[in-house]
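Each chain, written out:
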Amino acid sequence: MLTQVAAGRTYDFSHSVGRGAQSGMGFSQPVAAAQGPNGVVYVVNRGSEGISNVSWNRIGYGARVSQITIGAEWGQEEFLGEFSKYGDGNGEYIWGSGVVVDSQGRVYVSDEWLNQINVYDQDGNFLNRWSTVESDDGREHGTASIAIDADDNIYLTDGRCHEVRKFSSDGKFIASWGSQGSDNGQFNAPWGITVDQAGNVYVADHRNHRVQKFTSDGRWMASFGTPGTGRGQLHLPTSVAVDPEGDVYIADWSDNGQHPGRVHIFDAEGAFIITLVGDAQELSAWAKLTVDANADYLKRRREVNLQNMESEWRFALPTGLLYDAEKGRLMVVDSQRSRFQIYNKVSGYMVPQMNL
Amino acid sequence: MANQDIALMAHLMRRAGFGATREELEALCEKGYDNVVEELLNPTEEPLDRFEMMRYQPWTWRPGTLPGMGAAEWLWWMVNTRRPLEEKMTLFWHHIFATGVSKVDHYDEIQNMITLFREQGMGNYKELLLGMAKNPAMIYWLDNNDNHAHAVNENWGRELLELFSMGVGNYTEVDVRECSRAFTGWTFEAKLPRGPLGRHDWRFEYRPDDHDNGEKTFLGESGNFNGDDIIDIVCQHPATAGFIARHLYNFFVADEAQVPAWQVIPPVDEDAIDALTDAFIESGYDIKATLRVLFTSDFFKNARFAKLKSPAEVVVGTLKLVGGAGFPAPGIGDLSRQPNYMGQDLLNPPSVEGWHTGAEWINSGSLMRRINFTADMVGDTSRPGVQSIVSRLRSQGDVGPEQFVDICLDLMGPLDVSSDTRQELLDHAVPGGSLNWSNEDAATERVSELLQLIVSLRDYQYA
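Residues numbered from 1 in each chain as written. Chains lettered and ligands numbered in written order. Predicted model: local features only at pLDDT ≥ 70, side-chain atom pairs only at ≥ 80, totals over all residues. Heavy atoms only, no water.

Scanning chain A for helices and strands turns up three helices and 29 strands. Taken over the C-alpha trace, chain A has a radius of gyration of 20 Å; the compact-globule value for 356 residues is 21 Å, and the two agree within 12%. Reported as C-alpha extents along the three principal axes, the dimensions of chain A are approximately 65 × 50 × 40 Å. Out of the 356 residues belonging to chain A, those deemed buried represent 60%. Separation of charge centres in chain A, based on 30 positive and 44 negative side chains, amounts to 5 Å. (Helix = DSSP H or I, 4+ residues; strand = E, 2+ residues; numbered from the N terminus. Rg over C-alpha atoms; globule rule 2.2 N^0.38 Å. Buried < 20%, exposed > 50% of the residue type's maximum accessible area, 1.4 Å probe, protein only. Lys, Arg positive; Asp, Glu negative; His and termini not counted. Charge placed at Lys NZ, Arg CZ, Asp CG, Glu CD.)

Listed below in structure tokens is the structure:
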């Protein structure tokens, strides 16, 4: 269904943006996105490993941060540029994992392997980097994702230490909370994280199959979802976003054997509203460029039956959510399909009469 | 604990898995050999979670054909599984139903075949054959999508008989033709192209309008056969049981001649082949029952170090020995290429015949690759498995050079070496005198050097 109406909300599929590409107009294993003050969307591409025949030539394909704008309708997206690449030098990353933009337009990109954050100006020029690990505490760390509050404090999840840590924007440690477990306030491989307009922190508790809500200093407030693959249940949640009305969006990897991934929507009190499964039945503008340029692609696509088309329009392991409050739309980072799927949250939707 | 018990358990785990650490071997010995065999045949540990790999290395979900790292997930699985025989059988079937990305061009489809081996590899052989006949990667690999009612393509039909069931000499060219006719219409649905949004799965499709419904005569039987009828007839043929038995012997017990020579070169141990053949037939083609006979037999227990390790066994076994490969860290793609550098490109065999095994694994280049890789691994004293060996040596206190060599050989297998080889190791160890732990770094360095020498031995290349 392109349009879903439930509990007084309407989610209307708008369009998709992106295609697989190791550079330029497209993405490569995109895992996170953030929007800057001027509407620029920064996309972290994890990329894939490359062959290393010599020790100094360790490479990764497609790893970079893309800068794009996403218009209101199909075909209005623009590729602005890209920065960073695979590596451990200044401004480079091995496993890009998260991105936020602060009030000054500075861009912060986390590295899950090197456990550091690279900071760039809004054009992608490297400014500095700082460690997300306070000291060598003998533990294995993994900076899984990052979020930012209105005061430019940075929150991050550490998926291998099972905790949340809070830093100032220049990398000074402020606080941490959580430990491995399944009680309230504990985590099992936490991943996605976001901050709502009131400053509360939401964490996708990946292996506990839930999202937990905390105050800005780490006091547990609530939990969303129960484990499972049924309606309103969560299985391996990866990312979370909150809109200005307090509705909570959770991406997960629930797997029906063919199409792994859904986005669940809850209200602020934790009541389940609806699930999205992906609706990109029309190719994005960039994807269409690829198909139009390849006659065999065009011919083969016309031979594919409707059932086999489903794997194209459904989500495939989504790992990022971005709510664009200004335009009232949810942007799902549909990672394995190298694109965004965009849904408008429509106000005042008039339901057509049923006997049409 | 008797050293012979450890040695026998180590032999079982090298063959029915990819080796085990000394700590694991000691725990397994407490359970007893026959109980361990049953655990291997009926694993109760949970399978690995594929999403753990996707979590950190998302590109492995539907890996692209280049740069040839499609086996990364499988390598991680082989190293970390708690169901080792299941995974070893997966490798066994990949050797037989050898299907390669060089033609299929979709690692994910061959990964799906690997998953099928993992799930059905110890089940019923007839079911497995049927699964292969319907597997899209196999269908494309052997051109059955080009096998039409009015234009027969014999590739799948021929290899089914020659390489997957009976072996050369047990059927005629007419049988090949009739078999192929029975599989007309066994194909797969059109799928979306790989671009611009990534790979999509193939699905098997039977097209009745493209199936040859005429009368066929196959191996002396006549009827309007379809593909599953052919598989029934093939499985009932005694040559099939003998063929699979010889494959099992070659893979798990001792190196045989290469498959194309089986028609003219008799088995190494005819009685063993007969025992496995009988078990296969009596159990109704049950692989698990046949493996039970194999692993509890004297011919298996007496076959220590009678097989050259395959490159996959070298790489996975060494990684299990040295440890530290549990997390799918950066570099796993490169790691997955190591068997290829030694002559075994997983998911990309040289032909439908699979790899030539035994002594043919070794040439000057592949041997150097084996030694360089294993020496690098055991020379890394930060690895937990190496630290465990160092720790065990340290717990013995200062020891003389002979004891030093013997303990290391024991902990690295136990490894049987000739007296000449042992003397060579001693020639290296004696000048250093006793292994003295008053200087821990120096002692650790000496252990590391000796371990590197041991993995360079001819003896370490045998399982």
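With that settled, the discussion passes to a negative patch on the surface. Residue and element names in this part refer to chain B. A surface patch of negative charge is lined by Glu 270, Asp 271, Asp 274, Asp 278 and Glu 282. By the element assignment, Asp 278 lies in helix 15 (residues 270-282). The partly exposed category is assigned to Asp 278, whose relative accessible area is 40%. (Patch = residues over 30% accessible without salt bridge, like charges linked within 9 Å, V, L, I, M, F, W, Y side chains within 5 Å. Areas by Shrake-Rupley, 256 points an atom, 1.4 Å probe, with all protein chains shown as cover. Salt bridge = Lys/Arg side-chain N within 4 Å of Asp/Glu carboxyl O.)

Now for the sheet that holds strand 25 (residues 262-266) of chain A. Residues and elements named next belong to chain A. The four strands are arranged 23-24-25-26 in an open sheet whose pairing can be described as antiparallel. Strands at the two margins of the open sheet, each flanked by one partner only, are strand 23 (239-242) and strand 26 (272-276). Within the sheet, the average angular offset between the axes of one strand and its neighbour, ignoring direction, is 20 degrees. As judged from the four bridges shared by strand 25 and strand 26, these two strands associate in the antiparallel manner. Opposite Phe 266, over in strand 26, you have Phe 272 as the bridge partner. (Pairing = 2+ DSSP bridges. Axes fitted to C-alpha atoms, helices over the stretch in contact; angles between N-to-C directions.)

Moving on, we get to the side chain of Asp 279 of chain A. Residue and element names in this part refer to chain A. Topologically, Asp 279 is positioned in the loop between strand 26 and helix 1 (285-292). It is Arg 314 that comes nearest to the buried, bridge-free Asp 279 among opposite-charge side chains, at 8.3 Å. For Asp 279, the side chain forms a polar contact with the side chain of Tyr 343, separated by 2.5 Å. Excluding residues within four positions of it along the chain, Asp 279 makes contact with Met 1, Leu 2, Phe 13, Trp 313, Gln 341 and Tyr 343. (Polar contact = N/O pair within 3.5 Å; in protein donor to acceptor, adjacent residues only side chain to side chain. Contact = heavy atoms within 4.5 Å.)

This paragraph deals with the nonpolar core. Within the largest apolar cluster, 156 residues are counted, with the highest numbers of intra-cluster contacts made by Phe 164, Phe 252 and Phe 295 of chain B. The element that contributes the greatest number of residues to this core is helix 14 (residues 238-252) of chain B, accounting for nine residues. Not counting residues up to four positions away in its chain, the partners in contact with Phe 295 of chain B are Leu 12, Ala 16, Tyr 33, Val 37, Leu 85, Phe 252, Phe 300 and Lys 301 of chain B. One finds Phe 83, Ile 94 and Val 99 of chain A together with Tyr 56 of chain B within the second-largest nonpolar core, a separate group that totals 20 residues. (Core = buried A, V, L, I, M, F, W, Y, C linked by side-chain atoms within 4.5 Å.)

Another point: the pattern of salt bridges. Within the structure shown, the criterion is met by 52 salt bridges over all chains. With a shortest N-O distance of 2.6 Å, Glu 38 of chain B and Arg 292 of chain B are connected by a salt bridge. Of the two residues, Glu 38 of chain B sits in helix 3 (residues 33-41) while Arg 292 of chain B sits in helix 16 (residues 287-295), which places them 254 residues apart along the sequence. Sharing partners across several salt bridges, the network here consists of Arg 9, Asp 243, Glu 245, Asp 247 and Lys 345 of chain A.

This part is about helix 5 (residues 72-80) of chain B. All names here are of chain B. Here helix 5 lies mainly inside the structure; nine of its nine residues are buried. Taken residue by residue, helix 5 has Ala 72, Glu 73, Trp 74, Leu 75, Trp 76, Trp 77, Met 78, Val 79 and Asn 80 as its buried positions. Buried-residue contacts for helix 5 involve helix 4 (50-56), helix 6 (84-96), helix 8 (107-120), helix 18 (311-322) and helix 19 (332-336).

This part covers the side chain of Ser 145 of chain A. Residue placement: Ser 145 of chain A occurs in strand 13 (residues 143-148). With a relative accessible area of 10%, Ser 145 of chain A lands in the buried category.

Let us look at the environment of Asn 250 of chain B. Residues and elements named next belong to chain B. Take Asn 250: it is sitting in helix 14. For Asn 250 and Thr 357, which are 107 residues apart along the polypeptide, the C-alpha to C-alpha distance reads 8.8 Å. Among all residues touching Asn 250, those that are not within four sequence positions of it are Asp 255, Glu 256, Trp 262, Lys 307 and Thr 357.

Counting residues at the interface gives 36 residues for chain B and 49 residues for chain A. Interface of chain B and chain A: buried area, both sides summed, is about 3700 Å²; carbon and sulfur atoms make up 58% of it. One can count three salt bridges joining chain B with chain A. Among the salt bridges present, the one from Glu 52 of chain B reaches Arg 207 of chain A, with a minimum N-O distance of 3.3 Å. Joining chain B to chain A, the criterion identifies 18 residue pairs in polar contact (both at pLDDT 80 or more). Looking at the side of chain B that touches chain A, the elements with two or more residues in it are helix 4 and helix 19 of chain B. Tallied by class, the residues present in the side of chain B that touches chain A amount to 19 nonpolar, six polar and eleven charged. (Buried area = accessible area lost by both parts, 1.4 Å probe. Nonpolar A, V, L, I, M, F, W, Y, C, P; charged D, E, K, R; others polar.)

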